[in-house]
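Examining the three-dimensional arrangement
Okay, here's what each chain looks like letter by letter:
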Amino acid sequence: MASTTHHRTHVLRLAGAVLTCTVAAGALAGCGSDTPKKKTASSPSATASSTPSTDPDQAAKDKVLAAYTNMREIQIKMAADGDLHTEELAKYARGDAATDLKKSVLRNESMGIKFTGRPEMKPQVTAVNTKGKTATVTDCFDATSWKPVYKDSGKELKLAEQRLKYPVTSQATLEGDTWFVTKITADRTKGC
């Protein structure tokens, strides 16, 4: 009996880590449901505004936001089908961010878990330094409607009580003329 309890505790901790990775998981913008429900990884969500911006870094911010949004779309696909989608992910994420997302998928796969539904996000580029080739994206990641289920049965995995809506801060780096998300830090100690 103790080994069964230990196994369940281990599974719950791993599942919690999976959600944390979501980030790797997994930023401080307000969460809302005004994000479109369907996005494709091949078409960036961030587009230039129709009115000219007075922000000299707006073009860079748009590219950073597109990299982040597309990375998240690939993450959602990875969590749903259990495939790593390595080539697609490499277009938008590098370093710790890519590694953490892949580890999360492999951990889920080893436990027979996939995710259904979608997380809610509303990311914002809060800092960009084009000379230093760095940027910061903050997001309020809401996994309330993004549920882990067992692949075989479709039964929802019951997780230990944990925060499902929390801030995530991501770092991005400019390589050549392409922005890549390189680090994702979730803060599950507070909500957003």
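Residues numbered from 1 in each chain as written. Predicted model: local features only at pLDDT ≥ 70, side-chain atom pairs only at ≥ 80, totals over all residues. Heavy atoms only, no water.

As for the state of the cysteines
Enumeration over the complete set of coordinates arrives at 1 disulfide. The disulfide partner of C140 is C192, and the S-S distance across this bridge is 1.9 Å. Here the S-S torsion is close to 80°, and the disulfide linking C140 with C192 is therefore right-handed. Taken as a pair, C140 in strand β3 (residues 134–142) and C192 in the segment after β6 (178–186) lie far apart in primary sequence, 52 residues in all. The class for C140 is buried, based on a relative accessible area of 0%. (Disulfide = S-S within 2.5 Å. Helix = DSSP H or I, 4+ residues; strand = E, 2+ residues; numbered from the N terminus. Buried < 20%, exposed > 50% of the residue type's maximum accessible area, 1.4 Å probe, protein only.)

Some details on the environment of T144
Summarising the element assignment, T144 is placed in the loop between β3 and β4 (146–150). For T144, a relative accessible area of 40% puts it in the partly exposed group. Separated by 24 residues in the primary sequence, T144 and E120 place their C-alpha atoms 8.0 Å from one another. In this structure the side chain of T144 is engaged in a polar contact, spanning 2.4 Å, whose partner is the side chain of D142. (Polar contact = N/O pair within 3.5 Å; in protein donor to acceptor, adjacent residues only side chain to side chain.)

Side note on the confidence of the model for the chain
In this model, the chain carries an average pLDDT of 80, and 72% of its residues clear a pLDDT of 70 or more. Ignoring residues within four places in sequence, the model shows residues 1–49, a span with pLDDT below 50, making 112 contacts including any to other chains. (pLDDT = per-residue confidence, 0-100. Contact = heavy atoms within 4.5 Å.)

Brief notes about the sheet that holds β6
The 4 strands lie next to each other as β2-β3-β5-β6, forming an open sheet whose pairing is antiparallel. Two strands bound the open sheet, and with one partner strand each, they are β2 (124–129) and β6. For this sheet, the mean angle separating the axes of adjacent strands, direction not counted, is 25°. Pairing geometry for strand β5 (residues 165–175) and β6, over 8 bridges, is antiparallel. From the neighbouring strand, A172 faces β6, where its bridge partner is V181. Seen against the sheet, helix α2 (residues 58–81) touches β2, β3, β5 and β6 and runs at an angle of roughly 60° to β6. (Pairing = 2+ DSSP bridges. Axes fitted to C-alpha atoms, helices over the stretch in contact; angles between N-to-C directions.)

Details of the packing of aromatic side chains
As enumerated under the stated definition, the model contains 3 aromatic pairs in all. Ring geometry for F115 and W146: centres 4.7 Å apart, planes at 40°, overall tilted. Separated by 31 residues along the polypeptide, F115 in strand β1 (residues 113–117) and W146 in strand β4 bring together distant segments of the chain. A residue is classified by how much of its surface remains accessible, and F115, at 4% relative accessible area, is buried. By relative accessible area, W146 is classed as buried at 2%. Seen in terms of ring centroids, F141 and Y166 are 5.9 Å apart; in terms of plane orientation they differ by 40°. Their pairing is tilted. Within this pair, whereas F141 is found in strand β3, its partner Y166 is found in strand β5, the two being separated by 25 residues in sequence. (Phe/Tyr/Trp six-rings, centres within 6.5 Å; stacked < 30°, edge-to-face > 60°.)

Here we look at the pairing of β5
Direction of pairing for β3 relative to β5: antiparallel, over a ladder of 9 bridges. Of the residues in β5, the one forming a bridge with V137 is S170. Hairpin connection from β5 to β6: 2 residues lie between these consecutive antiparallel strands, with G176 at a positive phi of about 65°.

Some remarks on the environment of Q162
By secondary structure assignment, the location of Q162 is in the loop between β4 and β5. Polar side-chain contacts of Q162 include one of 3.0 Å to the side chain of R188.

Points about helix α4 (residues 95–111)
End to end, α4 covers 25 Å across 17 residues, agreeing with the expected 24 Å (1.5 Å per residue, within 8%). Along α4, the positions that sit buried rather than exposed are A97, A98, L101, S104, V105, N108 and M111. G112 lies just past α4 and shows a positive phi near 70°. (Expected span 1.5 Å × (residues − 1).)

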